[in-house]
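# Breakdown of the fold
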Amino acid sequence: MFELPKLPYAYDSLESYVDERTMEIHHSKHHAGYTNKLNAAIEGTELEGKSIEEILSSKMNSAIRNNGGGFYNHDLFWKIMSPNGGGNPTGELADKINETFESFEKFKQEFSNTAATQFGSGWAWLVNTSEGLKISSTPNQDNPLMSDVSVQGTPILGLDVWEHAYYLSYQNKRPDYITAFWNVVNWKEVEKRYEDGQK
Ligand code: MN3
């Protein structure tokens, strides 16, 4: 059985970039809902007892895909944000971003543009692939672990662009939410996920 992961900080600690009410509903209602529905969907199937990564890279029905994706994506999302976030990546990841995208600023522009232009609900990703770092987006709760998405690999940074992630504070202004997001990115965690993938 999967359990709703605890948020690693208080609901109000990402203010003024992500408001308390949004964080509370997003975690205690949306993420909790995905978790409960994932458990119900895998119960009694051959996927019961497997890790979430194994589940998402296998053949799934739509209930497992949507709720398993929702479970995994939000767990990553909470961890790659921090009240002490923002700034620039350092170390190996910073070098790789500069090598791949020319500069951190150009990387931010491309990621922000990808997040802004994802039509409807979905996610923007920085993905560690067998061919290096790539930026992608996916609809719904899909993610780069799934075997049939356009860019496959391990997501190391993800941004939720469902309206439930920003509507209370930003209404239809998704680009403002994306701009605010860079102030809370926990680069230490993103770096760790990148470095773990290089081992
Ligand atoms: Mn969400």
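Fair warning: this is a prediction, and the values are worked out from it, not measured in the lab. (Residues numbered from 1 in each chain as written. Predicted model: local features only at pLDDT ≥ 70, side-chain atom pairs only at ≥ 80, totals over all residues. Heavy atoms only, no water.)

## Description of the coordination of the manganese ion
Every protein donor of the manganese ion is accounted for by His26 (NE2), His74 (NE2), Asp160 (OD) and His164 (NE2), and the metal-donor separations fall at 2.0 to 2.1 Å. Considered as a linear motif, the donors of the manganese ion on their single chain read H-x47-H-x85-D-x3-H. In this pair, His26 sits in helix 1 (residues 20–42) while Asp160 sits in strand 3 (residues 154–160), placing the two residues 134 residues apart along the sequence. One exposure class covers both His26 and Asp160, and it is buried. (Donors = N, O, S within 2.8 Å, 3.2 Å for Na, K, Ca; no water. Helix = DSSP H or I, 4+ residues; strand = E, 2+ residues; numbered from the N terminus. Buried < 20%, exposed > 50% of the residue type's maximum accessible area, 1.4 Å probe, protein only.)

## Side note on the pattern of salt bridges
Applying the stated criterion across every chain, the model contains 10 salt bridges. Salt-bridge contacts for Glu105 lead to Lys108; the nearest nitrogen and oxygen are separated by 4.0 Å. With Glu105 and Lys108 both in helix 5 (residues 104–117) and 3 residues apart, this pair spans about one turn of that helix. The salt bridge partner of Lys188 is Glu191, with a shortest N-O separation of 3.2 Å. Taken together, the residues span about one helical turn, with Lys188 and Glu191 both in helix 8 (residues 187–197) at a distance of 3 residues. Three or more residues are tied together by salt bridges with common partners; here these are Arg65, Asp142 and Asp148. (Salt bridge = Lys/Arg side-chain N within 4 Å of Asp/Glu carboxyl O.)

## Quick look at the environment of Glu48
Assignment of secondary structure puts Glu48 in the loop between helix 1 and helix 2 (52–56). Note: C-alpha distance between Glu48 and Met1 (47 residues apart in sequence) is 7.9 Å. Filtering out sequence-adjacent residues up to four positions away, Glu48 remains in contact with Ile42 and Glu43. Only 2.7 Å separates the side chain of Glu48 from the backbone nitrogen of Gly44, close enough to count as a polar contact. (Contact = heavy atoms within 4.5 Å. Polar contact = N/O pair within 3.5 Å; in protein donor to acceptor, adjacent residues only side chain to side chain.)

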